[in-house]
Amino acid sequence: MRFILLSVLFSGLIQFCSASTDSLIVKGRILNLNGRLYRQAPVINFSRNNILQPQSELSKQAPLEADGSFRVSLPMLFAQEEIYLDYGGKAFTTFLGSPGTVEITFNGDSLSSRGKLFYFAGVNADANNQYAAYQAELNKRLSENKALGQEFFKSFWERSASQARNLAEQRAALRMGAVETATQNTVPSPALVRWARANAEEEQLQILYEHSLSNLYEVSSALKDSLKRLSEPPLTGQRVVWASRFGDYADLLVQQQKFSNPNRTNSLPVRLMATLISNNSTKLTAEEKQRLDQITLNGLAEKGELDFLNKLFAKNEAVLNLLFNFERENRIYGDLFDSTATEFLKVRYLSKNLYKYTYKEQLLLNKHIQSRTGSPQFRQSLDELVKLEVKDSTEIKQLVDFKDVRTDPTEVLPDYYLTASNDRGTSWINRIIEGFKGSRIYVVKWNMADARSREELGYIPMLQARLPEDIEFVFVHLPGEEYGFSEALLRQYVIRHRLKGVHVFLDNNQMMDLLFRLNPLDAATFSIIKPNGKFAMKNAPAPSDLEKTTRAILEAN
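Visitor: Teacher, can you tell me more about the overall build of the chain here?
Guide: Tallying secondary structure elements over the chain gives 22 helices and 15 strands in all. Structurally, the chain occupies a C-alpha span of about 75 × 65 × 50 Å along its principal axes. Sequence separation of at least 24 residues holds for 70% of the intrachain contacts in the chain that already meet a minimum separation of 6. Total accessible area on the chain stands at roughly 26,200 Å², and carbon and sulfur atoms take up 47% of it. Looking at charge distribution, the chain has the averaged site of its 68 positive side-chain charges lying 1 Å from that of its 65 negative ones.

Spelled out as structure tokens, the structure:
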């Protein structure tokens, strides 16, 4: 599948960061809420997007009162954002949020009804009340026009660039036509028209970027100019997917630039180097500061000045390397794109690489990138993600600092186990499996540099929430040849992504020894072991296939 869909919601409550944001107050009531329904689903989940993370949504739960009423506050980084309501998997809707208050009412007796269920008052009420009819008409149009709907992508990727543009325009026009038809008996809400147009046009932009990536050609000037809207409202799930596709396209151009012009892409202007060293070095003498100021002023440096900069760089290499690497990449962004796209790519630099940095490095880079970014929406989006990354710093430190690791799994934090061994891989894994005899085991083979591994691990908490507590999870990290991650970074990732279970970090020799025992021995593959210690499935379904995987584990007897 060539295009990314938003993943299902994270399980559990993810606290929003609220600094420097306006808020949307969501309140309302479920009418005729009976005791049985309340026991089955005592909370409503509200979610919103972050433009920098297409694989996840940020969610917050609103507890229900006995009379069915609820209230929750959500931060708004954009003037308008798509919000998603999920009531226990029984009722779902999308609505448009803005700073202010929206009121939502729906009937607990009508959850399975095909008719209109949700009624809105407050901000964007007209758009939200017309949205269901628009969505129904849109689905009808896409179903009836197979060429532009259900079968659109069958031959789209093989079309020429001009044919692809023409087809994408026709599909966008088909989608926009649904607004007029759905509101023919009323006055269409201007907010709904803007919302629908944003979704139609930004799907068009997404698939054209995907077409250019598939066929390896440079996008048109019009497509590049469209990037100006990245920071404009409304923020939708479709916007996030399009932004991700643009990011992939930009990554390709950056790599080409590095290959074709290595001298420029590996260097930085002298002024910038001197400023970074001056602002981020400790224990500089008055003379060193004066000399750095002079280099910054002149913008030129003879060999003596360059030697001086290199000497100061070496004194604080770890910190300055982080900043220099970002600035080298940022310099390429400026060469390739205009301002809005460059602003987006700056914040994306950290968001796409968060897993590579310790939480202290994340905070350092975030502070620097914030100072280099003009868009408040982009700055706040990055800040939101970084705060989520570092909020578990106490638990991360406990796991990272733990030294007394043994061959038998040791519980360092509740439900987090570490194990270490110099034994051969097969004997080590066999010992762990033997220790869990009598229990079903789900084995996760992963590598942190592998994007699919990281995507699948995002579903682990949801999978575990569906399973009995006696199901054991064993995470086997496979070393990679191209990327080396410290065990400290691996442990940090474990806590941040709620990977509860036993963690095994193999070296290359241990991995090779396990080639047949854990076949397939590839990242993002999974196995199920029966209570008797034998494999039920050596190539089991992935966590993202929640229903199938849950069933397979429960049937492993």
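Visitor: Teacher, can you tell me more about the sheet that holds strand β1 (residues 22–31) here?
Guide: In a beta sheet, neighbouring strands pair by backbone hydrogen bonds and run either parallel or antiparallel. Taken in spatial order, the four strands line up as β4-β1-β7-β8 in an open sheet, and their pairing is mixed. Across the chains shown, the open sheet's two edge strands, defined by having one partner strand only, are β4 (69–76) and β8 (119–122). Mean inter-strand twist for the sheet, computed between neighbouring axes without regard to direction, equals 20°. Alignment of strand β7 (residues 100–107) against β8, held across four bridges, turns out to be antiparallel. What sits directly across from E103, in β8, is A121. In the packing of helix α2 (residues 125–144) onto the sheet, the strands contacted are β7 and β8, and the crossing angle to β8 comes to about 170°.

Visitor: What is the right way to read empty space enclosed by the protein from this model?
Guide: The gaps of empty space that remain are located by a probe, the size of a water molecule, rolled over the atoms. For the coordinates displayed, the defined rule picks out two cavities of 30 Å³ or more. Approximately 40 Å³ is the volume found for the second largest cavity. Taken together, the elements giving at least two residues each to the lining of the second largest cavity come down to α17 (425–435) and β12 (472–477).

Visitor: Just to check I follow, could you spell out the side chain of Q492 for this structure?
Guide: Within the secondary structure, Q492 is located in helix α20 (residues 487–496). In this structure Q492 touches Y357, T358, Y359, Q362, I396 and V400, once residues within four positions along its chain are discounted.

Visitor: Help me out: how do you make sense of the side chain of T525 in this one?
Guide: Structurally, T525 is set in strand β14 (residues 525–529). When its relative accessible area of 12% is taken as the criterion, T525 is described as buried. If we ignore the near neighbours within four places in the chain, the residues touching T525 are V443, V444, K445 and P520.

Visitor: I tried to follow the packing of helix α9 (residues 270–280) against helix α12 (residues 317–336) on my own but got confused; where do I start?
Guide: Describing two packed helices takes the angle between their axes plus the distance from one axis to the other. Between α9 and α12, the shortest axis-to-axis distance is 11 Å and the interhelical angle comes to 145°. Note that α9 runs across α12; the crossing there is right-handed. Contact residues: L272, M273, L276, I277 and N280 in α9; V319, L320, L323, F324 and E327 in α12. Of the residues belonging to the contact of α9 with α12, the class tally is eight nonpolar, one polar and one charged.

Visitor: Teacher, can you tell me more about the environment of E137 here?
Guide: Structurally, E137 is set in helix α2. Under the relative-accessibility criterion, E137 is labelled buried at 15%. Apart from residues no more than four positions distant in its own chain, E137 is found in contact with A178, T181 and A182.

Visitor: Where do I start with the sheet that holds β12 in this structure?
Guide: Strand order in the open sheet formed by seven strands is β9-β10-β13-β12-β11-β14-β15, with mixed pairing between adjacent strands. In the strand order of this sheet, the two ends are held by β9 (410–413) and β15 (535–537), each with one partner. Neighbouring strand axes in the sheet, compared pairwise and without regard to direction, differ in orientation by 30° on average. Summarising the sheet, strand β11 (residues 441–446) and β14 pair through five bridges and their orientation is antiparallel. In the sheet register, V443 faces β14, and the bridge partner there is S527.

Visitor: How should the pattern of salt bridges be read in this particular structure?
Guide: Side chains carrying opposite charge are able to pair once their charged atoms draw close together. Under the counting rule described, the total for this entry stands at 32 salt bridges. Taking the shortest distance from any N to any O, the salt bridge between R264 and D335 comes out at 2.8 Å. Remark: D335 occurs in helix α12 and R264 occurs in helix α8 (residues 262–265); sequence separation between them is 71 residues. Note on R264: relative accessible area 31%, which makes it partly exposed.

Visitor: What exactly am I supposed to notice about a negative patch on the surface here?
Guide: On the surface, E411, D415, E469 and D470 cluster together to form a negatively charged patch. If you trace the backbone, D415 turns up in the loop between β9 and β10 (416–419). The exposure class of D415 is partly exposed, given its relative accessible area of 41%.

Visitor: It is not clear to me how the packing of helix α7 (residues 237–260) against helix α13 (residues 339–351) should be interpreted in this structure. Could you clarify?
Guide: The geometry of α7 relative to α13 is characterised by a closest axis approach of 11 Å and an angle of 90° between their N-to-C directions. The angle between α7 and α13 places the two elements in the roughly perpendicular class. Seen from α7, the contacting residues are A243, F246, G247, D248, A250 and D251; seen from α13, they are A341, F344, L345 and R348. Its residues placed into classes, the contact of α7 with α13 shows six nonpolar, one polar and three charged.

Visitor: Before we go on, may I ask you to explain unusual backbone geometry in this structure?
Guide: When glycine is set aside, most residues are seen to have a negative phi, and most peptide bonds are trans. Put simply, P233 and P234 share a cis peptide bond, and its omega is 0°. Following the sequence through the fold, P234 ends up in the loop between α6 (221–225) and α7. Following N519, the chain continues into P520 via a peptide bond in cis, with omega recorded as 5°. Examined against the element boundaries, P520 turns out to sit in the loop between α21 (508–513) and β14.

Visitor: Honestly, the environment of P234 in this entry has me stumped. Any pointers?
Guide: Owing to a relative accessible area of 4%, P234 belongs among the buried residues under this scheme. Once the C-alpha coordinates of P234 and L306 are considered, the two residues, 72 residues apart in sequence, prove to be 48 Å apart. The residues touching P234, leaving out its near neighbours within four places in the chain, are Q80, L96, W195, A198 and R239.

Visitor: Even after reading the chapter, I still don't get the packing of aromatic side chains, so can you show me in this structure?
Guide: Two descriptors summarise a pair of aromatic rings, namely the distance from one centre to the other and the angle between the planes of the rings. Summed over all chains, the structure comprises 24 aromatic pairs. On the numbers, 6.3 Å between centres and 25° between planes, the contact of F473 with F475 is stacked. Given the relative accessible area of 0%, F475 is considered buried. Directly above the ring of F152 sits R171, whose terminal nitrogen or CZ lies 5.1 Å from the centroid. Sitting above the plane of the F535 ring, K538 keeps its charged end 5.0 Å from the centroid.

About the thresholds
- The written sequence of each chain sets the order in which its residues are numbered from 1.
- Restriction of local features to residues with pLDDT of at least 70 applies here, the model being predicted, together with a cutoff of 80 or more for giving and counting side-chain atom pairs; totals for whole chains, interfaces and linings are based on all residues.
- Side-chain measures here rest on the full set of heavy atoms in the structure, leaving out hydrogens and waters.
- For the purposes of this entry, the term helix denotes a DSSP run of H or I that reaches at least four residues, the term strand denotes a run of E that reaches at least two, and both are numbered from the N terminus.
- The contact definition used throughout considers only heavy atoms, calling two residues in contact when any of these lie within 4.5 Å.
- Method for areas: the Shrake-Rupley scheme with a 1.4 Å probe, in which residue coverage is limited to the protein chains shown.
- By the counting rule applied here, Lys and Arg register as positive and Asp and Glu as negative, while His and the ends of each chain are not counted.
- A single reference atom marks each charge: NZ on Lys, CZ on Arg, CG on Asp, CD on Glu.
- Strands qualify as paired when DSSP identifies two bridges or more between them.
- To define axes, lines are fitted to C-alpha atoms, for helices over the stretch in contact only, and angles between the resulting N-to-C directions are given on a 0 to 180 degree scale.
- Here a cavity denotes grid points, spaced 1 Å and computed from the protein atoms alone, that fit a 1.4 Å probe unable to get out, and a pocket denotes an open set having protein on both sides within 12 Å along at least 5 of 7 lines; residues with an atom within 4 Å of a point are the lining.
- Grid points are joined across faces, edges and corners, and a volume is the space filled by probe spheres set on the points.
- The buried label applies to any residue whose accessible area, calculated with a 1.4 Å probe on protein chains only, is under 20% of its type's maximum; exposed applies above 50%, and partly exposed to all values in between.
- The crossing is said to be left-handed when, going from far helix to near helix, the turn is anticlockwise and less than a right angle, and right-handed when the turn is clockwise.
- Polar here means any residue outside two lists: the nonpolar Ala, Val, Leu, Ile, Met, Phe, Trp, Tyr, Cys and Pro, and the charged Asp, Glu, Lys and Arg; Gly therefore counts as polar.
- We define a salt bridge as a contact between a side-chain nitrogen of Lys or Arg and a carboxyl oxygen of Asp or Glu at a distance within 4 Å.
- Candidate patch residues must exceed 30% relative accessible area and have no salt bridge, after which like charges are joined if within 9 Å and Val, Leu, Ile, Met, Phe, Trp or Tyr side chains if within 5 Å.
- Throughout, the term roughly parallel applies to angles under 35 degrees, roughly antiparallel to angles over 145, roughly perpendicular to angles from 65 to 115, and oblique to all others.
- The rule is short: rings of Phe, Tyr and Trp, with Trp giving its six-membered ring, pair when the centres are within 6.5 Å, and they are stacked under 30 degrees, edge-to-face over 60, tilted in between.
- As a reminder, the over-ring test applies to NZ of lysine and CZ of arginine, requiring each to be within 6 Å of the ring centre and within 35 degrees of the ring normal.

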